[in-house]
Amino acid sequence: MRIGEVAERAGVSVRSLRYYEQQGLLESTRTSGGQRRYGEDAVSWVGLIQQLYAAGLSSATIRELMPCLHAGVGTPESRDRLRGEKARLDEYISGLERTRERLEAMIELAETPNPHCPVVLG
């Protein structure tokens, strides 16, 4: 499959595909004319890569996990790595929840009339 077709079907830019390939996350072959060709599974791999990026994993972490993902098996090391990433996300989510609580308190405070607080129009 040509790079433009993969990009269109996966909903990403051609530049993203080149980046994934540069990072060792996606493989292609080259035609005699130097054009990239991808296998039929490239679209699903791109979707997985995007999900892992969205979960906050780095290119390096995804690259480390790729052999296990390709093989469809896990190792103690890959499970530990994924658990570590989950713990990192859990901490990040906790921080976001604390921020949301502070915002809710500020909104509540802002809804309480206060003659000493000037109204700022935006």
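Per an unreviewed UniProt entry, the chain is named MerR family transcriptional regulator, and its organism is Amycolatopsis albidoflavus.

## What to know about the packing of aromatic side chains
Following the criterion strictly, the structure yields two aromatic pairs and no others. Taken together, the ring pairs connect Tyr19, Tyr20 and Tyr53 into an aromatic cluster.

## What to know about the confidence of the model for the chain
Caution applies to low-pLDDT parts of the model: their predicted coordinates are not meant to be read in detail. Averaged over all residues, the pLDDT of the chain equals 89, while 95% of them reach at least 70. Model confidence for the chain, summarised as mean pLDDT per element, is weakest for helix α4 (residues 59-71) at 87 and strongest for helix α1 (residues 3-10) at 96.

## What about the nonpolar core?
By size, the foremost hydrophobic cluster in this structure holds 20 residues, and its most contacted members are Val6, Leu17, Tyr20, Leu26, Tyr38 and Val46. Only α1, α2 (14-22), α3 (42-54) and α4 provide two or more residues apiece to this core. With six residues, α3 is the largest single contributor of residues to this core. Apart from the residues within four sequence positions on either side, Val6 is in contact with Met1, Leu17, Tyr38, Ala42, Val43 and Val46.

## Focus on the environment of Tyr38
Of note, Tyr38 is situated in the loop between β2 (36-37) and α3. For the pair Tyr38 and Gln22, spaced 16 residues apart in sequence, the C-alpha separation works out to 14 Å. In contact with Tyr38, other than residues within four places in its own chain, are Met1, Arg2, Ile3, Val6, Leu17, Glu21, Leu26, Glu27 and Ser28.

## Description of the UniProt feature "domain: HTH merR-type" (unreviewed entry) in the chain
With numbering matched to this structure, UniProt assigns "domain: HTH merR-type" (unreviewed entry) to residues 1-68. Across residues 1-68, the secondary structure splits into 59% helix and 6% strand, with the terminal C-alpha atoms separated by 24 Å.

Rules used in this analysis
- Residues numbered from 1 in each chain as written.
- Predicted model: local features only at pLDDT ≥ 70, side-chain atom pairs only at ≥ 80, totals over all residues.
- Heavy atoms only, no water.
- Phe/Tyr/Trp six-rings, centres within 6.5 Å; stacked < 30°, edge-to-face > 60°.
- pLDDT = per-residue confidence, 0-100.
- Helix = DSSP H or I, 4+ residues; strand = E, 2+ residues; numbered from the N terminus.
- Core = buried A, V, L, I, M, F, W, Y, C linked by side-chain atoms within 4.5 Å.
- Buried < 20%, exposed > 50% of the residue type's maximum accessible area, 1.4 Å probe, protein only.
- Contact = heavy atoms within 4.5 Å.
- UniProt positions renumbered as here; feature names shortened; annotations may be inferred.

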